[in-house]
Amino acid sequence: MTNLPPTPTLSSILVEQLDFHWRHQLRPRFDGLTDAEYFAEPVKGAWNVRRRGSGTAAVQAGSGDFTIDFAFPEPDPAPVTTIAWRLGHLIVGVLGTRNAAHFAGPPCDYESFGYAGTAVEALEQLDAEYDRWTTGVTALGEEGLSRPCGPAEGPFADHSMASLVLHINREVIHHGAEIALLRDLWAHDLSDVAATTG
């Protein structure tokens, strides 16, 4: 008699959708991130993570030595954001607030978070929030995935946890790809290309 692989559960499928991409493509793209890349502003007026008191955005949120740029309402068009800003958004707005709301994570919001002043620290924060998220999703099981998200998700409170997981998967993949592209631009210094083709 042969041993058949276990039938995948919905929670394992949802975790694997993100985790395969995370382990084999996305997270390796962040390895070697330097502080210079982390803070690099690809255009003037970019939103960034900045040392407290040095920001120019309408809102500088954060509880520590560094704050993240914001404005409410967001300008149209929205400013280009740096790798530091995008990592901050993934850590806090995508994963951290959801971990706090659904998986007993520590309280997390843009205003009170201690943003990283180095690339290494930001990646450590990201890894911790990612691990908490995937552990929480794995533990939900079929019943947990079918229940409503609840009031923490505002107007989406009646949507299922499975819908939230799919949304977070999209967000991590989307913003991770943006960070990977910014790393490509940094590595190839497109300002030199523009100077030779202009």
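In this report, we go over the structure that sits alongside the text. Just so you know, these numbers come straight off a predicted model, no measurement behind them. (Residues numbered from 1 in each chain as written. Predicted model: local features only at pLDDT ≥ 70, side-chain atom pairs only at ≥ 80, totals over all residues. Heavy atoms only, no water.)

1. Points about the overall build of the protein chain
Assigned secondary structure in the protein chain consists of six helices and three strands. Ordered by position in the sequence, the α and β elements of the protein chain form the string α-α-β-β-β-α-α-α-α. Its C-alpha atoms put the protein chain at 65 × 40 × 30 Å along the principal axes. Here the protein chain holds 198 residues, and 44% of them are scored as buried. (Helix = DSSP H or I, 4+ residues; strand = E, 2+ residues; numbered from the N terminus. Buried < 20%, exposed > 50% of the residue type's maximum accessible area, 1.4 Å probe, protein only.)

2. So, the environment of Q25
Tracing the chain through its elements places Q25 in helix α1 (residues 10–30). Expressed as a C-alpha distance, the spacing of Q25 and V92, which sit 67 residues apart in the sequence, is 22 Å. Separated by 2.5 Å, the side chains of Q25 and H21 make a polar contact. (Polar contact = N/O pair within 3.5 Å; in protein donor to acceptor, adjacent residues only side chain to side chain.)

3. Overview of the pairing of strand β3 (residues 66–70)
Taking burial as the measure, the five residues of β3 include five buried ones, the bulk of the element. As defined by bridge partners, strand β1 (residues 49–51) adjoins β3 across three bridges and the pair is classed as antiparallel. Its bridge partner being in β3, R50 is matched across the sheet by T67. As judged from the three bridges shared by strand β2 (residues 59–61) and β3, these two strands associate in the antiparallel manner. (Pairing = 2+ DSSP bridges.)

4. As for the pattern of salt bridges
Summed over all chains, the structure comprises 10 salt bridges. Of the charged contacts in the structure, one is a salt bridge between R27 and D127, with a shortest N-O distance of 2.7 Å. In this pair, R27 sits in helix α1 while D127 sits in helix α4 (residues 119–146), placing the two residues 100 residues apart along the sequence. A relative accessible area of 14% means that R27 is categorised as buried. What you see here is one network of salt bridges that share partners, running through E16, D19 and R23. (Salt bridge = Lys/Arg side-chain N within 4 Å of Asp/Glu carboxyl O.)

5. Here's the deal with the sheet that holds β2
Strand order in the open sheet formed by three strands is β1-β3-β2, with antiparallel pairing between adjacent strands. Each end of this open sheet is capped by a strand with a single partner; those strands are β1 and β2. Looking at each pair of strands side by side, their axes are set apart by 40° on average, direction ignored. (Axes fitted to C-alpha atoms, helices over the stretch in contact; angles between N-to-C directions.)

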